[in-house]
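In case you want the letters, here they are:
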Amino acid sequence: MFAWAFSLLVLASCSSAPRLSIPVFEKDQFIGTLTVKRSFGHFTDASALSFDQFGDLYVTDGGGNGLYKFNRKGDSLAAVVAQGHDHGQFDRPLGVDASLTNSVAVADRNNYRIEVFSRDLIYQSTIEGHAPGSQIQFGYPSAVCRSTTGYYYVIDGERHRLIAFNPATGVQRAFTTVADEHHYELFPRDIALDAGEYVAVADVNSGGIKLFNSTGSTVKEVRYRPASEARMTVSGNDLVAFDHVANTVRLFDFRELTYAGSYSLPQELKNAVTVVKRDDELYVLTKDKVVVCSIHSASDLN
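Keep in mind the model is a prediction, meaning the values are calculated, not measured.

With respect to the overall build of the protein
Logical step 1: Within the protein one finds three helices and 24 strands.
Logical step 2: Evaluated residue by residue, the protein yields a buried proportion of 54% over its 302 residues.
Logical step 3: Expressed as a percentage of contacts within the protein between residues at least 6 apart in sequence, the contacts between residues at least 24 apart total 49%.
Logical step 4: Taken as a whole, the protein presents about 13000 Å² of accessible surface, with 49% of it coming from carbon and sulfur.

As for the environment of Arg223
Logical step 1: Within the secondary structure layout, Arg223 lies in strand β17 (residues 218-223).
Logical step 2: With 34 residues separating them along the chain, Arg223 and Leu257 place their C-alpha atoms 9.9 Å apart.
Logical step 3: Within the structure, the side chain of Arg223 is placed 2.8 Å from the side chain of Glu221, a separation counted as a polar contact.

Section: the packing of aromatic side chains
Logical step 1: As enumerated under the stated definition, the model contains 17 aromatic pairs in all.
Logical step 2: Here Phe43 and Phe70 contribute two aromatic rings whose centre-to-centre distance is 6.1 Å and whose plane-to-plane angle is 80°, an arrangement assigned as edge-to-face. Here Phe70 lies in strand β4 (residues 66-70) and Phe43 lies in the loop between β1 (32-40) and β2 (46-51), a separation of 27 residues in the sequence. Comparing Phe43 with Phe70 shows no difference in burial state: the two are buried.

Details of the nonpolar core
Where a protein is soluble and globular, its nonpolar side chains tend to be buried together.
Logical step 1: Formed by 16 residues in total, the largest nonpolar core has its most connected members in Ala200, Ile209, Tyr224, Met232, Leu239 and Phe252.
Logical step 2: Listed by contribution, the elements that provide at least two residues to this core are β15 (199-203), β16 (208-212), β18 (230-235) and β19 (238-243).
Logical step 3: By size, the runner-up hydrophobic cluster in this structure holds 15 residues, among which are Leu34, Leu269, Val275 and Cys293.

The rules behind these values
Residues numbered from 1 in each chain as written. Predicted model: local features only at pLDDT ≥ 70, side-chain atom pairs only at ≥ 80, totals over all residues. Heavy atoms only, no water. Helix = DSSP H or I, 4+ residues; strand = E, 2+ residues; numbered from the N terminus. Buried < 20%, exposed > 50% of the residue type's maximum accessible area, 1.4 Å probe, protein only. Contact = heavy atoms within 4.5 Å. Areas by Shrake-Rupley, 256 points an atom, 1.4 Å probe, with all protein chains shown as cover. Polar contact = N/O pair within 3.5 Å; in protein donor to acceptor, adjacent residues only side chain to side chain. Phe/Tyr/Trp six-rings, centres within 6.5 Å; stacked < 30°, edge-to-face > 60°. Core = buried A, V, L, I, M, F, W, Y, C linked by side-chain atoms within 4.5 Å.

Written out as structure tokens, the structure is:
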């Protein structure tokens, strides 16, 4: 059912869709403060962080060509670290998604592939981006999300596009969009996927965050000037957008894209890369470590 629906070209669905009323993010409203609690890890140039369903977290180190697993306390549980082209080796891994029960997908940028491991970091499979004769074609993947229906959502850095493909069927489709009269082509900076297979895209060309449903139709959008700098993660109903230039974390309702408030990172975390929210904590990935911050709401301070 999903494959049939997704096979409809996104451009066709957009051409008949009604115009969207597009809200605009204008200024920060800070809803609390952050306190550094602890840190762990030692990376060369960390690139992405993802939690699995059991509360363990995984970090890709693009500079050190490694994939690391920790528990929430920061204890090291497993690692795959090596440079190269064989399985269990990487060439600048940039993205990771561990949200499914027993599958960790890694965007292995310079090897033009997605490497898939078990949650114990045992190699499972490879999805080649330049395999001859395959409909699945991509290069320099910079982000990956995997759905429960077997689809992988990948930013294809070679063609500056978002694609979704199913390795079991070999079906691949590219996302595209036309934003009112400006005719913006989608230029994804980062993506985030929720449990219902809605995908949020930080789009450089339109300067906004767009929300697509599983058929590829645009259902919501917010004008967001820092889209070119945004790194996004999802936590329950929250879309967490990190702006490294402003060193600010902004929360949006994932399905509605309504702005909920901001947190300013402590000054010592100026080299932060991305942020993941878990309960009342923020896990801040910097280039060299993971820093855990507790969240204090504005009401707590009164």
